[in-house]
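Commentary on secondary and tertiary structure
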Amino acid sequence: MSESGFNHKQIQTISIIHNMLSIQFGFKTSILEDNKASFLILNRKTESEKYLPFHTLDDENTIGSYEVTIDLHKEKDFFGQSGVWDVYIVVESEEDEYKRYRIVSNRQELNLIYYQYADMGTVFYPYTTNKMNLSLKTTKRSFISKVEDAYLSNDGLLNISGYVLDTKLMGAKHDMKKTLIITNHLDDEQYRLPLESVTRTDLTELYGDGIRNYDDIGFKGTFSIKEYLHTSELIYFRFYIELSYIDNGEEIVKVSPRLTFNPFNPLQSRRAKVIKIDGIDRRIFIKKTKVKSYLSVKVYVYNRSKEWKSRIRRKLTDIKRSRKIKTLYKKAFKLMGYAPVRKKSVVFESFAGKQFSCNPRAIFEYMQDFNPEYKMYWSVDKKYMKNFEGRNLNIVPRFSIKWLFIMARAQYWVSNSRLPLWIPKPNHTTYLQTWHGTPLKKLAADMDEVHMPGTNTVKYKNNFLKEASNWDYLISPNAYSTEIFQRAFAFNKTMIESGYPRNDVLHVDNTAENMEALKQKFALPMDKKIILYAPTWRDNQFYGRGKYKFDLELDLNMLRDQLGDEYIVLLRMHYLVAENFDLTPYTGFAFDFSNYEDIRELYLVSDILVTDYSSVFFDYANLRRPMIFFVYDIEDYRDNLRGFYFDFEKTAPGPLVKTTEEVIQSIKEAEVNPISDKFNTFYDKFCYLEEGKSAERVVEEVFNKR
């Protein structure tokens, strides 16, 4: 902190008075001297920008004080629709160089500072991100609620307090009743608990700005977990608040979204106690969920011995992950690389050890039949061991000591995605990179900008190309891909233009008998046709590194109403998507196969594919079955996120649609005209090599020539 008491890039105060948003922030005066600077508001999804001037309040110290003001009423077109905006200071130097500085939150309570677009049914407000930055948000939700404190008394009583309001009711004179609604993840039972109203003049003084009165929004209550615990199973409790009042003799009831619990003091974010319930020790654990900071109370049978063992394991894991241990491990790997090679040993890995799938699996299965003399291992992420059980595989836990010895001395590596950059490839190892898709979206060095978490454009490209320089062989499905791979990956070693081995099965097993057998295996209705919905992920929609959001824009209700007599739907999300969709309301119609790793079997069992920009359509085309492209966000995806290698709209081997209604219409039309001349042109360009012998071609080139 400077002598002025201000912090660099951090907000000092933020307020909304009537329709005027004011943000005061600190910034180093030396950076702004003789440079042009603007306040940038950037839409996180569309990347639309708004540059605003700001004025100086105090620049007499090392860190000055500055202010930007925004008329929210005049900016209705920009802020009125739902969206999220990040805020920056952009500085332009004399050399025409631009640098962006993210504005940091000062941990001020921002939830209660808002502006209502009443005619649009939306609410605009600033908020603090998980990384303690300042962002702006507009949402259709009118509730603002928060659990400020939650703790357990010795007898297992949960004490909860906070505030709740409905912005649409602010200023209304109602005798508002507040009720806590508790649900759990095991059944539909609801527990209801009257809450006591708490006067919050402190919130009015701090955030009312002389306009709003928050005196009545406080609440507190006590929930007896013992009283509502009737199972020994692990159980999670979730919390909501119901507001009810009488208006013209009629009771009006509104229920809040799930309550958040996000105290700034980390020590308050987790509370735990062990108590006896029905003579059994139970551990009650208060926490906030990782993704959206919801209040969650977890209760489970407590085994002291297991708990201590678990703590010891976690401690050992922390030690293993420490920087010193990682450094030693890397040095050990490099040292082991000088040990004698294990002839005819192969380590396979698919999607960073998460799946037994894709091209590595197809090559492995071919070698099992025709090259049994090879000793073959599977590198497996410990969290995904269940995906490999019961397959009679030589499994090696990824990054274990055993993995180090086997990986460092292996004669061959076979992978379909990048290995960690720190892994040094020994001179005796041949690295076969199979990749995992025909490129529609721009890759690696061809990408203009990278929107993924935990990296930036320059770092991403440099790291990608450095790892790609280790590849000795690279599989290509066609001549089109070969040209792109060589440029985008800066690959100048041996390209195997063979078609993808994973697609061999689509030619060998494409029979009515196999479709019927797969329906029986998956316990699917035998009398229904199958729609496979397999979309990709969006680079800029994520919870964190490797965990991507996905909003299900496809209206399952409409699909079921209009097609449910003849069709069912299988959902197959990309392996990076973190969502767990609740399909309970669509039981018997929609099925989630996102965790089923062998998508080839889902292709075979399906009558029609609905996708977007995922490379799955290049593979599915081998079956010569109808495809529909549900591309509701194509302009944003094409122009802002990745960009395409060819004119997707003109070349796609099926109709491009933007609404569920159009999806339904296209499915009905496909029953009459399943494929078109455009499909045949597409097939001849991208699928001409794939005839059931791609794995054989690869094995002959890499393993049998040596």
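Residues numbered from 1 in each chain as written. Predicted model: local features only at pLDDT ≥ 70, side-chain atom pairs only at ≥ 80, totals over all residues. Heavy atoms only, no water.

Quick notes on the overall build of the chain
- Counting its regular elements, the chain contains 19 helices and 37 strands.
- Every one of the 706 residues in the chain was classed for burial, and the buried ones make up 52%.
- In the chain, once contacts between residues fewer than 6 apart in sequence are set aside, the share between residues at least 24 apart is 64%.
- Here the chain has roughly 34,000 Å² of accessible surface; of this, 47% comes from carbon and sulfur atoms. (Helix = DSSP H or I, 4+ residues; strand = E, 2+ residues; numbered from the N terminus. Buried < 20%, exposed > 50% of the residue type's maximum accessible area, 1.4 Å probe, protein only. Contact = heavy atoms within 4.5 Å. Areas by Shrake-Rupley, 256 points an atom, 1.4 Å probe, with all protein chains shown as cover.)

Comments concerning the nonpolar core
- The biggest cluster of nonpolar side chains holds 98 residues, and the ones touching the most others in it are Ile363, Leu432, Phe489, Leu570, Phe648 and Phe703.
- In this structure, Ile363 is in contact with Phe348, Val414, Leu432, Thr434, Ile475, Pro501, Val698, Val699 and Phe703, ignoring residues within four places of it in sequence.
- Counting residues in each nonpolar core, the second largest holds 45 residues, with Leu52, Trp85, Tyr114 and Leu134 among its members. (Core = buried A, V, L, I, M, F, W, Y, C linked by side-chain atoms within 4.5 Å.)

A short note on a negative patch on the surface
- A cluster of acidic residues, Glu33, Asp34, Asp59 and Glu60, forms a negative patch on the protein surface.
- Here Glu60 shows up in the loop between strand S5 (55-58) and strand S6 (63-71). (Patch = residues over 30% accessible without salt bridge, like charges linked within 9 Å, V, L, I, M, F, W, Y side chains within 5 Å. Salt bridge = Lys/Arg side-chain N within 4 Å of Asp/Glu carboxyl O. Lys, Arg positive; Asp, Glu negative; His and termini not counted. Charge placed at Lys NZ, Arg CZ, Asp CG, Glu CD.)

Thoughts on the sheet that holds strand S17 (residues 218-224)
- Taken in spatial order, the 4 strands make up an open sheet running S12-S13-S17-S16, and their pairing is antiparallel. The open sheet has two edge strands, strand S12 (143-152) and strand S16 (196-198), and neither has a second partner. The average angle at which neighbouring strand axes cross in this sheet is 25 degrees, direction not considered.
- Here 7 bridges tie strand S13 (residues 157-166) to S17, and the two strands are oriented antiparallel to one another. (Pairing = 2+ DSSP bridges. Axes fitted to C-alpha atoms, helices over the stretch in contact; angles between N-to-C directions.)

Re the packing of aromatic side chains
- Summed over the entire model, instances satisfying the criterion amount to 54 aromatic pairs.
- Here the aromatic rings of Phe356 and Trp378 are separated by 5.0 Å at their centres, their planes lie at 75 degrees, and the arrangement is edge-to-face. A residue pair is termed long-range when its members are at least 10 positions apart, and Phe356 in the loop between strand S23 (342-349) and helix H6 (358-370) and Trp378 in strand S24 (residues 375-380) qualify at 22 residues. Exposure class is identical for Phe356 and Trp378. Each is buried.
- Among the aromatic residues, those joined into a ring-pair cluster are Tyr480, Phe617, Phe618, Phe629, Phe646, Phe648, Phe682 and Phe686. (Phe/Tyr/Trp six-rings, centres within 6.5 Å; stacked < 30°, edge-to-face > 60°.)

Some points on the packing of helix H5 (residues 323-336) against helix H7 (residues 401-409)
- As a packed pair, H5 and H7 sit with axes 8 Å apart at the nearest point and diverge in direction by 35 degrees. Classified by chirality, the crossing of H7 by H5 is right-handed. Facing H5, whose interface residues are Tyr329, Ala332, Phe333 and Met336, H7 presents Ile401, Trp403, Leu404, Phe405, Met407, Ala408 and Arg409.
- Residues that form the contact of H5 with H7 fall into these classes: 10 nonpolar, no polar and 1 charged. (Left-handed = near helix turned anticlockwise from the far one by under 90°. Nonpolar A, V, L, I, M, F, W, Y, C, P; charged D, E, K, R; others polar.)

Side note on the pairing of S17
- The sheet contact formed by S16 and S17 spans 3 bridges and is antiparallel. Its bridge partner lying in S17, Val198 is registered against Gly218.

Some points on the pattern of salt bridges
- Taken as a whole and judged by the stated rule, the model has 23 salt bridges.
- The salt bridge partner of Asp86 is Arg44, with a shortest N-O separation of 2.8 Å. With Asp86 in strand S7 (residues 83-92) and Arg44 in the loop between strand S3 (36-43) and strand S4 (49-52), this residue pair connects regions lying 42 residues apart in the sequence.
- The exposure class of Asp86 is buried, given its relative accessible area of 9%.
- Owing to a relative accessible area of 33%, Arg44 belongs among the partly exposed residues under this scheme.

Details of a positive patch on the surface
- A contiguous patch of positive charge, built from Arg304, Lys306, Lys309, Arg311, Arg313 and Arg314, is present on the exposed surface.
- Structurally, Arg313 can be placed in helix H4 (residues 304-320).
- Judged by its relative accessible area of 52%, Arg313 is exposed.

Here we look at the packing of H6 against helix H19 (residues 694-702)
- Contact pair H6 / H19: the axes reach a minimum separation of 9 Å and the direction vectors enclose 75 degrees. In terms of orientation, H6 and H19 fall into the roughly perpendicular class. In this structure, H6 uses Ala362, Ile363, Tyr366 and Met367 to contact H19, whose residues at the interface are Ala695, Glu696, Val698 and Val699.
- For the contact of H6 with H19, a count of residues per class yields 7 nonpolar, no polar and 1 charged. (Parallel < 35°, antiparallel > 145°, perpendicular 65-115°, else oblique.)

Regarding the confidence of the model for the chain
- Mean pLDDT for the chain: 85, with 90% of residues reaching 70 or above.
- Note that pLDDT drops below 50 for residues 539-550; the model gives that stretch 52 contacts with residues more than four away or on any other chain.
- Confidence drops under pLDDT 50 across residues 575-579; counting only partners more than four residues distant or on other chains, this segment forms 17 contacts. (pLDDT = per-residue confidence, 0-100.)

Observations concerning the side chain of Asp381
- Counting through the fold element by element, Asp381 comes out in the loop between S24 and strand S25 (395-397).
- Here the side chain of Asp381 touches Lys383 through a polar contact of 2.9 Å, landing on its backbone nitrogen. (Polar contact = N/O pair within 3.5 Å; in protein donor to acceptor, adjacent residues only side chain to side chain.)

Digging into the environment of Tyr207
- By secondary structure assignment, the location of Tyr207 is in helix H3 (residues 201-207).
- Once the C-alpha coordinates of Tyr207 and Leu112 are considered, the two residues, 95 residues apart in sequence, prove to be 6.4 Å apart.

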